[in-house]
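# Tertiary structure, described
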Amino acid sequence: NAGVTQTPKFQVLKTGQSMTLQCAQDMNHNSMYWYRQDPGMGLRLIYYSASEGTTDKGEVPNGYNVSRLNKREFSLRLESAAPSQTSVYFCASSAGKASGSGWTQYFGPGTRLLVL
Amino acid sequence: QKEVEQNSGPLSVPEGAIASLNCTYSDRGSQSFFWYRQYSGKSPELIMSIYSNGDKEDGRFTAQLNKASQYVSLLIRDSQPSDSATYLCAVSYNTNAGKSTFGDGTTLTVKP
């Protein structure tokens, strides 16, 4: 099992450019999440998806859109990148059930994004 | 007030000592509590989860939860240099989404 995979690992964008961050999990998890992490700070939730076909805003959704393509894949799109979106982006997934380790989140390796 | 607050670091302990990491949360409805470890440049990974009041031990790690006081702590016994990392506290509701709110983390350095 690969767990949670993310592409790309690194990306440099110019202000105003768009891009999509891809995330996939092979653990048959119901819930998926996108976070951003700025230097010296914790994780801030951008969007999440409780199940295929549903998405909800998190703490910092402005400037982002998401698509839960199927149970495995959850993508994050920046329509018009801004320097304030320079960050490390983590995708995570969880089984989404209140049993055992169902609420544990498993993280991908991250995407380091620089917006100039 | 942040929803999840962790004691400000960095925290430095000598090898073999006990490291104590603390976390408080504001929402009394929180039901699940987690400690994640994050090495520099890496992604977070789960260390401990705890769901009911009391202590939970796993090897050198002990998580303590006190819902009445709204705090959760992590003790690391016999600290090793390999424990040097940032520790993130997270709390969540038992909803279908399973989403968590994270603290800003406490950076621990274990000196040989």
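Please read these numbers as outputs of a predicted model, since none were measured by experiment. (Residues numbered from 1 in each chain as written. Chains lettered and ligands numbered in written order. Predicted model: local features only at pLDDT ≥ 70, side-chain atom pairs only at ≥ 80, totals over all residues. Heavy atoms only, no water.)

So, about the overall build of chain A. A tally of helices and strands in chain A yields 0 helices and 11 strands. Secondary structure of chain A in N-to-C order comes out as β-β-β-β-β-β-β-β-β-β-β. A compact globule built from 116 residues should have a C-alpha radius of gyration of about 13 Å, and chain A, at 14 Å, falls within 12% of that. Per-residue burial for chain A yields a buried fraction of 47% across its 116 residues. If you sum the accessible surface of chain A, you get close to 5,200 Å²; carbon and sulfur atoms cover 50% of it. Seen as two clouds, the 11 positive and the 7 negative side-chain charges of chain A have centres 4 Å apart. (Helix = DSSP H or I, 4+ residues; strand = E, 2+ residues; numbered from the N terminus. Rg over C-alpha atoms; globule rule 2.2 N^0.38 Å. Buried < 20%, exposed > 50% of the residue type's maximum accessible area, 1.4 Å probe, protein only. Areas by Shrake-Rupley, 256 points an atom, 1.4 Å probe, with all protein chains shown as cover. Lys, Arg positive; Asp, Glu negative; His and termini not counted. Charge placed at Lys NZ, Arg CZ, Asp CG, Glu CD.)

As a further point, take the overall build of chain B. Assigned secondary structure in chain B consists of 0 helices and 11 strands. Along chain B, helices and strands appear, N-terminal first, in the series β-β-β-β-β-β-β-β-β-β-β. Taken against the 2.2 N^0.38 rule, which gives 13 Å for 112 residues, the C-alpha radius of gyration of chain B at 13 Å falls within 12% of a compact globule. Each of the three principal axes of chain B carries a C-alpha extent, and together these read 40 × 30 × 25 Å. Taking contacts inside chain B between residues at least 6 apart in sequence as the whole, the part at least 24 apart equals 52%. With an accessible surface of roughly 5,200 Å², chain B has 45% of that area assigned to carbon and sulfur atoms. Taken together, the 10 basic and 11 acidic charged side chains of chain B have centroids lying 3 Å from each other. (Contact = heavy atoms within 4.5 Å.)

All names here are of chain B. Reading across the sheet, the 5 strands line up as β1-β3-β8-β7-β6 and stay open at both edges, with antiparallel pairing between neighbours. Two strands lie at the open edges of the sheet, namely β1 (4-6) and β6 (54-58), each paired on one side alone. Averaged over all pairs of adjacent strands, the angle between their axes in this sheet comes to 20°, without regard to strand direction. The pairing of β6 with strand β7 (residues 61-66) spans 5 bridges and is antiparallel. Opposite G54, over in β7, you have L65 as the bridge partner. (Pairing = 2+ DSSP bridges. Axes fitted to C-alpha atoms, helices over the stretch in contact; angles between N-to-C directions.)

A separate point is the interface of chain B and chain A. Between chain B and chain A, the contact holds 22 residues from the first and 24 residues from the second. Summing both sides of the interface, chain B and chain A together bury roughly 1,700 Å²; the carbon and sulfur share of this comes to 55%. Interface area lost by chain B to chain A is led by B:A97, B:K99 and B:F102, which between them contribute 25%. For the pair chain B and chain A, the interface holds 0 salt bridges. Counting residues per element, the ones that place at least two in the side of chain B that touches chain A are β4 (32-38) and β10 (100-102) of chain B. With 4 residues, the top contributor of residues to the side of chain B that touches chain A is β4(B). Residues of the side of chain B that touches chain A, tallied by class, amount to 9 nonpolar, 10 polar and 3 charged. (Buried area = accessible area lost by both parts, 1.4 Å probe. Salt bridge = Lys/Arg side-chain N within 4 Å of Asp/Glu carboxyl O. Nonpolar A, V, L, I, M, F, W, Y, C, P; charged D, E, K, R; others polar.)

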